Amino acid sequence: MKRLFLLVVSLVVMAQMSMVEARNRVYQGEIGPYKIHMVLDDNYNGYYYYDRNPKSKFTLRATRNVECSDYDYDYDGIPLDGCFRVTLQEYAPGSGKNSGEFVGKFGYKMRMGNMSMFYNGTFRNKSNGKTYNFSVGRSERVN
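Numbering of residues starts from 1 in every chain and runs along the sequence as written. Owing to the predicted nature of the model, reporting of local features is limited to residues with pLDDT of at least 70; listing and counting of side-chain atom pairs is limited to 80 or more, with chain, interface and lining totals taken over all residues. In computing side-chain values, all of the structure's heavy atoms are included and hydrogens and water are not.

Colleague: How do you make sense of the overall build of the protein chain when you look at a structure like this?
Modeller: Counting from the N terminus, the helices are DSSP H or I runs at least four residues long and the strands are E runs at least two residues long. Secondary structure assignment for the protein chain yields one helix and eight strands. Helices and strands in the protein chain line up, N terminus first, as α-β-β-β-β-β-β-β-β. Any residue under 20% of the maximum accessible area for its type is buried, any over 50% is exposed, and the rest in between are partly exposed; the area is computed with a 1.4 Å probe on protein chains only. A burial count over the protein chain gives 32% of its 143 residues as buried. Any two residues having at least one pair of non-hydrogen atoms within 4.5 Å are treated as being in contact. Considering only intrachain contacts with a sequence separation of at least 6, the fraction spanning at least 24 residues in the protein chain is 40%. Where accessible areas are quoted, they stem from the Shrake-Rupley method and a 1.4 Å probe; at the residue level, only the protein chains shown are allowed to cover. In the form shown here, the protein chain has an accessible surface area of approximately 9,200 Å², with 54% of it arising from carbon and sulfur atoms.

Take a look at the structure:
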């Protein structure tokens, strides 16, 4: 009976740990002139919304995620600690139609206990063919 109890407790602890690891991260930025918030999990899946209409969420699904082959730098010329080329497909709220595509670079760097992350590149609206530069980012304290 004691073994069964320890097994159950161990399983509960492991389940809680995995829930903590697979957390969503909120990024802020813009697509062209439009302010957005993007919420992504560790696999780059999630959603985004335009700040002017936060109830209308576009679903995002990663279709490509490969490590950058070149040694990369941020805008200030500081070497990145990690870099991935990520493509996200956008699905419109309501219809679920594949209405757009983000193609860009996801990078991060660690400096003095802070991790800065960014995702930037080109967004293409599949409905009207327009393209915009996009950029989102976030920073968090790492212990």
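Colleague: Whenever I open this one, the nonpolar core confuses me. Can you help?
Modeller: Generally speaking, a soluble globular protein has its nonpolar side chains buried in company with each other. Core analysis: the biggest nonpolar cluster contains 21 residues, and Ile31, Met38, Tyr48, Leu88, Phe102 and Tyr119 have the highest contact counts within it. Those elements giving two or more residues to this core turn out to be strand S1 (25-31), strand S2 (34-40), strand S3 (46-50), strand S4 (58-67), strand S5 (82-91), strand S6 (98-111), strand S7 (114-125) and strand S8 (131-141). With four residues, S7 is the largest single contributor of residues to this core. Not counting the four nearest positions on each side in its chain, tyrosine 119 is found in contact with Met38, Val86, Thr87, Leu88, Phe102, Val103, Gly104, Lys105, Phe106, Phe134, Ser135 and Val136. The set of buried Ala, Val, Leu, Ile, Met, Phe, Trp, Tyr and Cys residues whose side-chain atoms join them within 4.5 Å is what this entry labels a nonpolar core.

Colleague: Is there a simple way to think about the packing of aromatic side chains in this case?
Modeller: Each pair of aromatic rings is reported with the distance of its centres and the angle of its planes. When the centres of two rings from Phe, Tyr and Trp lie within 6.5 Å, Trp using its six-membered ring, the rings pair. Their planes under 30 degrees apart give stacked, over 60 give edge-to-face, and anything left gives tilted. The tally for this structure, following the rule as stated, stands at 13 aromatic pairs. Aromatic side chains tyrosine 44 and phenylalanine 106 sit 4.9 Å apart centroid to centroid with 70° between the ring planes, which places their arrangement in the edge-to-face category. Taken together, the residues tyrosine 44 in the loop between S2 and S3 and phenylalanine 106 in strand S6 connect sequence positions 62 residues apart. Of the residues examined, tyrosine 44 reaches a relative accessible area of 10% and is grouped as buried.

Colleague: Got a minute to help me understand the pattern of salt bridges in this structure?
Modeller: Side chains carrying opposite charge are able to pair once their charged atoms draw close together. Whenever a carboxyl oxygen of Asp or Glu lies within 4 Å of a side-chain nitrogen of Lys or Arg, that contact is scored as a salt bridge. By the definition in use, this model includes five salt bridges. Linking lysine 35 and glutamate 30 is a salt bridge whose minimum nitrogen-to-oxygen distance equals 3.6 Å. Using a relative accessible area of 28% as the deciding quantity, one classes glutamate 30 as partly exposed. Taking the shortest distance from any N to any O, the salt bridge between glutamate 140 and arginine 138 comes out at 2.2 Å.

Colleague: Would you mind going over the sheet that holds S2 with me for this structure?
Modeller: To summarise the sheet geometry, strands pair through backbone hydrogen bonds and adopt either a parallel or an antiparallel arrangement. Between any two strands, at least two bridges found by DSSP are needed for them to pair. Around the barrel, eight strands lie side by side as S1-S2-S3-S4-S5-S6-S7-S8; this closed barrel has antiparallel pairing. Across this sheet, the average inter-strand angle for adjacent strands is 30°, counted without regard to direction. As paired elements, S1 and S2 share seven bridges and run antiparallel to each other. By the bridge assignment for S2, isoleucine 31 is matched with tyrosine 34. Inter-axis angles, ranging from 0 to 180 degrees, are taken between N-to-C directions of lines fitted to C-alpha atoms, where helices are fitted over the stretch in contact.

Colleague: What's the story with unusual backbone geometry in this structure? I'm lost.
Modeller: Phi is mostly negative for residues that are not glycine, and the peptide bonds are mostly trans. The backbone phi angle of tyrosine 44 is positive, close to 70°, even though this residue is not glycine. Residue methionine 112 is not a glycine yet carries a positive backbone phi of 50°. Here methionine 112 shows up in the loop between S6 and S7. Taking relative accessible area as the criterion, methionine 112 reaches 79% and is therefore assigned exposed.

Colleague: Honestly, the pairing of S5 in this entry has me stumped. Any pointers?
Modeller: Taken across its ten residues, S5 has eight buried, putting it largely inside the fold. Here S4 pairs with S5 via eight bridges, running antiparallel. Within the sheet, the bridge partner assigned to threonine 59 lies in S5 and is tyrosine 91. Taken together, the ten bridges between S5 and S6 define a ladder with antiparallel strand orientation. The residue of S6 that forms the bridge with glutamate 90 is glycine 100. Hairpin geometry of S5 and S6 is characterised by an intervening segment of six residues between the two adjacent antiparallel strands and by a positive phi of about 85° at glycine 94.

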